[in-house]
Amino acid sequence: MGKQRWNAQEGKVTLDILIVGAGGAAGAVLRYWLALFLVNRVRLRALPVTTLTVNLLGSFALGTVLGWLFASIPSGDDILADRMAVFLAVGLCGSFTTYSTFAADTGYLLRYRDYRTVAAYVFLTLAGVVAAFLGGFVLLR
Amino acid sequence: MLSIVSSATVAAGGFAGTIARFGLNQISTSSAFPVGTLIENLLGSLLLGLLIGWLAYRTMPEPLRAGLGVGFCGGFTTMSTLASDLVFLADKAPGFHSAMYLLGSLLGGIIFALFGLWLGRRWGSSVGMRKRGKSRWTS
């Protein structure tokens, strides 16, 4: 799997850390801006639409990144491609999507006993991110 | 409203959260089970719950709130890696491991978030002065 390949060069971790952090900063800001843009425009009952949107988009993006990576570099020795993968996959996609907001949203809905929305939100998120990831993965592989 | 200061603190929080996640991944990739992602998602849910619960009684400057909640907790946890883990785990080790990972992430994350909310509200309401008015859940 891709993950194991990323820590193949343990001596060059410092640059990797900065690259991953830069991707994470960009992903978090993009998520923040998209949420600010969507929050008063899209309403779908009590569903946390903004969190659902970033998670679906980011999972699709990660699918395309890993699909492209698997297709283009079967040898796995390309340091530049590794750096790119770390920036895009762990940094950008990892930070753009969020689990903590999903968990807090669900907890919030549970506290208000809105069980139908909980069921819909959990199903749409889990089935959606897996489908989006697979879609992106097979698209570029 | 787009705030430049809040965008900067979100970037800083995302930078720190992602590096912390990357570091935990480096430690935990020796096992086939994606234990790193699981720990990050549970811990991040607890932290965000604590923050939101605390904010039900307290206030903090908006850039700090956004930096910690949207930036750090959002950057520390990840849904996209969870999706890819689920797909690869279903391919590699279907059955028990996949089910444990899915249930551990889902139920564990919600339980940790609820525990964090409860603890944060307790903490926010018990020490010093309280904020007046209706409690606020949303971040």
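For clarity, every value in this text was computed on a predicted model and none was experimentally measured. Within each chain, residue numbers correspond to sequence positions counted from 1 in written order. Note on labels: chains are lettered from A, ligands numbered from 1, in written order. Given that the model is predicted, a residue must reach a pLDDT of at least 70 before its local features are reported, and side-chain atom pairs must reach 80 or more before they are shown or counted; all residues, however, enter totals for whole chains, interfaces and linings. Excluding hydrogens and water, the side-chain figures rest on all heavy atoms present in the structure.

Peer 1: What am I meant to see in the interface of chain B and chain A here?
Peer 2: Interface size, as often reported, equals the accessible area lost upon joining of the parts. Across the contact, 53 residues belong to chain B and 52 residues belong to chain A. A quick way to say it: buried area is the sum, across both parts, of accessible area lost when two parts are put together, with a 1.4 Å probe. With both chains or domains summed, chain B and chain A bury close to 4200 Å², and 74% of this area falls on carbon and sulfur atoms. Just to be clear on terms, a salt bridge is a Lys or Arg side-chain nitrogen sitting within 4 Å of an Asp or Glu carboxyl oxygen. Applying the counting criterion to the chain B and chain A interface returns zero salt bridges. Counting of polar contacts relies on pairs of N or O atoms within 3.5 Å, with two restrictions inside protein: one atom must be capable of donating a hydrogen and the other of accepting it, and residues adjacent in sequence are counted only when both atoms are side-chain atoms. Counting across the interface, chain B meets chain A through 14 residue pairs in polar contact (both at pLDDT 80 or more). Here the side of chain B that touches chain A gets 12 residues from one element, more than from any other, and that element is helix H1 (residues 4-28) of chain B. Per-class residue counts for the side of chain B that touches chain A are 25 nonpolar, 23 polar and five charged. Residues are treated as being in contact if the distance between any of their heavy atoms lies within 4.5 Å. Going along the chain from the N terminus, every DSSP run of H or I of four or more residues is numbered as a helix, and every run of E of two or more is numbered as a strand. When residues are sorted by character, Ala, Val, Leu, Ile, Met, Phe, Trp, Tyr, Cys and Pro go into the nonpolar class, Asp, Glu, Lys and Arg into the charged class, and all the rest, Gly among them, into the polar class.

Peer 1: Help me understand the packing of helix H2 (residues 35-55) of chain B against helix H3 (residues 62-76) of chain B in this model?
Peer 2: For any two helices packed against each other, one specifies the crossing angle of their axes together with the interaxial distance. Residue and element names in this part refer to chain B. Two elements in contact, H2 and H3, have axes whose closest approach is 9 Å; the angle formed by their N-to-C orientations is 165 degrees. Considered as vectors, H2 and H3 are oriented roughly antiparallel to each other. The hand of the H2/H3 crossing is left-handed. Of the residues in H3, those touching H2 at Glu40, Leu43, Gly44, Leu47, Leu48, Leu51 and Leu55 are Arg65, Leu68, Gly69, Phe72, Cys73 and Phe76. Classifying every residue of the contact of H2 with H3 gives nine nonpolar, two polar and two charged. The axes are straight lines fitted to the C-alpha atoms, using for helices just the contacting stretch, and the angles between their N-to-C directions are given from 0 to 180°. Any angle that is under 35 degrees is reported as roughly parallel, and any over 145 degrees as roughly antiparallel; angles of 65 to 115 degrees are reported as roughly perpendicular and all others as oblique. What makes a crossing left-handed is the near helix being turned counterclockwise from the far one by less than a right angle; a clockwise turn instead makes it right-handed.

Peer 1: Is there a simple way to think about the nonpolar core in this case?
Peer 2: Nonpolar side chains in soluble globular proteins generally cluster together in the buried interior. By convention a nonpolar core is built from buried Ala, Val, Leu, Ile, Met, Phe, Trp, Tyr and Cys residues, the set being connected through side-chain atoms within 4.5 Å. Only protein chains enter the area calculation, which uses a 1.4 Å probe; residues under 20% of their type maximum are buried, those over 50% are exposed, and those in between are partly exposed. In terms of nonpolar packing, the biggest core is built from 36 residues, with Leu66, Phe102 and Phe133 of chain A together with Leu82 and Tyr101 of chain B touching the most fellow members. Leaving out residues up to four positions away in the same chain, Phe102 of chain A has contacts with Thr51, Asn55, Tyr121, Val122 and Thr125 of chain A together with Met79 and Leu106 of chain B. Among the nonpolar cores identified, the runner-up in size contains nine residues, and Ala104 of chain A together with Leu51, Leu55 and Cys73 of chain B belong to it.

Peer 1: Before we go on, may I ask you to explain the packing of H1 of chain B against H2 of chain B in this structure?
Peer 2: All names here are of chain B. The geometry of H1 relative to H2 is characterised by a closest axis approach of 8 Å and an angle of 145 degrees between their N-to-C directions. In this structure, H1 meets H2 at a crossing whose hand is right-handed. Contact with H1, carried on its side by Arg21, Leu24, Asn25 and Ser28, involves Val35, Gly36, Thr37, Ile39 and Glu40 of H2 and no other residues of that element.

Peer 1: Honestly, the packing of aromatic side chains in this entry has me stumped. Any pointers?
Peer 2: Aromatic rings in a pair are described by how distant their centres are and how their planes are angled relative to each other. Working definition: a ring pair exists when centres of Phe, Tyr or Trp rings (six-membered ring for Trp) sit within 6.5 Å. Plane angles under 30 degrees give stacked, over 60 give edge-to-face, the rest tilted. Enumeration according to the criterion identifies 12 aromatic pairs over all chains in this entry. When the centroid spacing of 5.4 Å and the interplanar angle of 55 degrees are considered together, the rings of Tyr108 of chain A and Tyr112 of chain A count as tilted. Overall, the relative accessible area of 29% leaves Tyr108 of chain A in the partly exposed class. Between the aromatic rings of Phe115 of chain B and Trp118 of chain B, the centroid separation amounts to 5.9 Å while the plane-to-plane angle is 25 degrees, which identifies the pairing as stacked. Of this pair, Phe115 of chain B and Trp118 of chain B are both found in helix H5 (residues 96-126), three residues apart, which corresponds to roughly one turn of the helix. Classification of Phe115 of chain B by relative accessible area gives partly exposed; the value is 43%. An aromatic cluster is built from Phe70, Phe133 and Phe137 of chain A together with Phe88 of chain B, whose rings are joined through pairwise contacts.

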